[in-house]
Amino acid sequence: MPTALITGATAGFGKAAARLFVEAGWRVIGTGRRADRLDALRSELGDAFHGAVFDIRDEGARDAALDALPDAFRDIDLLVNNAGLALGIEPAQDATLANWKVMIETNVTALVSITHRLLPGLIARRGAIINLSSVAATYPYAGANVYGGTKAFVKQFSLSLRSDLAGTGVRVTSIEPGMAETEFTLVRTGSQAASDALYGGARPMTPEDIAAMILWVAQLPPHLNINVMEMMPVNQSFAGFAVHREG
């Protein structure tokens, strides 16, 4: 039975992926800050799920949780770097530096840190890494500023990892979703009304849609690598150029 470690498993893509992977016969280590949500997943999914409670930015707590993994969960075959967030929708000149730093610490620093920690084992087991980037890595939009920059880093880091790991058997994929209805906008804006307005009538993708893509990539034959996977709902498309008109 293969084992996946999924960061940010308390909501959204991570929670849906934990459910789908267990259903598909995997063991899953789900990480997150909210112990109650991980406990609920453990009650729902049973012995195939292990909750590891820590803030992904806290390397000491992360290492303690990894060192304390039960024997059945120690051999990790797949790392799903899902934990991430966006804070604020203001233009760069009005954004807070604190929000920028939290996004960099979460989306970049914590992601590369846990990847570095698990790489030796993933190489030994000829495993896989799936990083959750975003269409914001490719298509800029007003207010994305540092968030878009962090996701562009995730995409390029994935491609560079793939280059470095050639010959090891380790697969690396950057998954880049567009509009999907999760707690993402609520966290970003702090407003349920803003979240409802964004998704209303758009028929956005669901966490289950993205989880299905993650599982599909994970279960491909070991000689195949999906480098980049980008998806959007049908009702979303590429932004046009912004033009400011004087006068």
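Residues numbered from 1 in each chain as written. Predicted model: local features only at pLDDT ≥ 70, side-chain atom pairs only at ≥ 80, totals over all residues. Heavy atoms only, no water.

Chemist: Explain the packing of helix α1 (residues 12–23) against helix α2 (residues 35–45) here, please?
Modeler: Each pair of packed helices can be described by the angle between their axes along with the distance between the axes. At a minimum axis separation of 11 Å, α1 and α2 run at an interaxial angle of 20°. In this view, α1 runs roughly parallel relative to α2, as classed from their interaxial angle. Where α1 crosses over α2, the handedness of that crossing is right-handed. On α2, the residues touching Lys 15, Ala 18, Arg 19 and Val 22 of α1 are Leu 41, Glu 44 and Leu 45. Taken together, the residues of the contact of α1 with α2 sort by class into four nonpolar, no polar and three charged. (Axes fitted to C-alpha atoms, helices over the stretch in contact; angles between N-to-C directions. Helix = DSSP H or I, 4+ residues; strand = E, 2+ residues; numbered from the N terminus. Parallel < 35°, antiparallel > 145°, perpendicular 65-115°, else oblique. Left-handed = near helix turned anticlockwise from the far one by under 90°. Contact = heavy atoms within 4.5 Å. Nonpolar A, V, L, I, M, F, W, Y, C, P; charged D, E, K, R; others polar.)

Chemist: Could you clarify how one ought to interpret the pattern of salt bridges in this entry?
Modeler: Any two side chains of opposite charge can pair, so long as their charged atoms come close to each other. Per the stated rule, a full pass over the model turns up eleven salt bridges. Put simply, Arg 125 and Asp 77 hold a salt bridge, and the shortest N to O gap is 2.8 Å. Of this pair, Arg 125 sits in the loop between α4 (97–124) and β5 (128–132) while Asp 77 sits in the loop between α3 (59–67) and β4 (78–81); the two residues are 48 residues apart in sequence, bridging distant segments of the chain. Among the residues examined, Arg 125 registers a relative accessible area of 36% and is labelled partly exposed. What you see here is one network of salt bridges that share partners, running through Arg 62, Asp 63, Asp 67 and Arg 117. (Salt bridge = Lys/Arg side-chain N within 4 Å of Asp/Glu carboxyl O. Buried < 20%, exposed > 50% of the residue type's maximum accessible area, 1.4 Å probe, protein only.)

Chemist: What am I meant to see in the layout of surface pockets here?
Modeler: Any space left empty among the atoms is revealed by the rolling of a water-sized probe across them. Its boundaries defined by the atoms lining it, the second largest pocket holds a volume of some 200 Å³. Contributing to the lining of the second largest pocket are Leu 66, Asp 67, Leu 69, Arg 74, Asp 75, Ile 76, Arg 117, Leu 118, Gly 121, Leu 122 and Arg 125. Elements supplying a minimum of two residues to the lining of the second largest pocket: α3 and α4. Broken down by element, the lining of the second largest pocket gets its largest block of residues, four residues, from α4. (1 Å grid on protein atoms, 1.4 Å probe; cavity = no way out; pocket = protein on both sides within 12 Å on 5 of 7 lines; lining within 4 Å. Points joined across faces, edges and corners; volume = space filled by probe spheres on them.)

Chemist: What is the right way to read the side chain of Thr 150 from this model?
Modeler: You can see Thr 150 is positioned in helix α5 (residues 145–164). Judged by relative accessible area, Thr 150 falls into the buried class, the value being 2%. Among the polar contacts made by the side chain of Thr 150, one reaches the main-chain carbonyl oxygen of Tyr 147 at a distance of 2.7 Å. Beyond its immediate sequence surroundings of up to four residues, Thr 150 is in contact with Met 103, Ile 104, Asn 107 and Val 108. (Polar contact = N/O pair within 3.5 Å; in protein donor to acceptor, adjacent residues only side chain to side chain.)

Chemist: Got a minute to help me understand empty space enclosed by the protein in this structure?
Modeler: Evaluated as defined, the whole model comprises three cavities of 30 Å³ or more. Of the volumes computed, that of the largest cavity is approximately 50 Å³. Around the largest cavity, the lining residues are Leu 87, Gly 88, Glu 90, Ala 95, Thr 96, Asn 99, Met 103, Gly 143, Ala 144, Asn 145, Tyr 147 and Arg 188. Where the lining of the largest cavity is concerned, the elements lending two or more residues are α4 and α5. A breakdown of the residues in the lining of the largest cavity according to their chemical character gives five nonpolar, five polar and two charged.

Chemist: Can you help me understand unusual backbone geometry in this one?
Modeler: Keep in mind that most residues, glycine aside, have a negative phi and that most peptide bonds are trans. The phi torsion at Arg 126 lies on the positive side, around 50°, for a residue other than glycine. Locating Arg 126 in the fold gives a position in the loop between α4 and β5. In this model, Arg 203 sits at a positive phi of 50°, which is unusual for a non-glycine residue. Locating Arg 203 in the fold gives a position in the loop between α7 (192–199) and α8 (207–218). For Arg 203, a relative accessible area of 72% puts it in the exposed group.

Chemist: What is the right way to look at the nonpolar core in this model?
Modeler: Nonpolar side chains in soluble globular proteins generally cluster together in the buried interior. Ranked by internal contacts, the top residues of the largest apolar core, which has 32 residues, are Ile 6, Phe 21, Leu 78, Ile 130, Leu 132, Ile 175 and Ile 214. Where this core is concerned, the elements lending two or more residues are β1 (3–6), α1, α2, β4, β5, α8 and β7 (228–231). Leaving out residues up to four positions away in the same chain, Ile 6 has contacts with Gly 14, Ala 17, Ala 18, Phe 21, Val 28, Ile 29, Gly 30, Thr 31 and Val 80. Judged by nonpolar contacts, the second largest core, of 25 residues, contains Ala 65, Leu 69, Leu 111 and Leu 161. (Core = buried A, V, L, I, M, F, W, Y, C linked by side-chain atoms within 4.5 Å.)

Chemist: Would you take a moment to explain the side chain of Thr 106 for this structure?
Modeler: Checked against the element boundaries, Thr 106 lands in helix α4. Overall, the relative accessible area of 9% leaves Thr 106 in the buried class. Leave out the neighbours within four places in its chain, and Thr 106 touches Ile 56, Arg 57, Ala 83, Gly 84, Leu 85 and Leu 111.

Chemist: Looking at this model, I keep getting lost on the sheet that holds strand β6 (residues 171–177). Mind explaining?
Modeler: With parallel pairing, the seven strands of this open sheet are ordered in space as β3-β2-β1-β4-β5-β6-β7. Single-partner strands in this sheet number two, and they are β3 (49–53) and β7. Strand-to-strand, the axes of this sheet are offset by a mean angle of 15°, without reference to chain direction. On top of the sheet, α4 reaches β1, β4 and β5; it is set at about 170° to β4, its chief contact. (Pairing = 2+ DSSP bridges.)

Any functional reading would require information that these geometric values do not contain.
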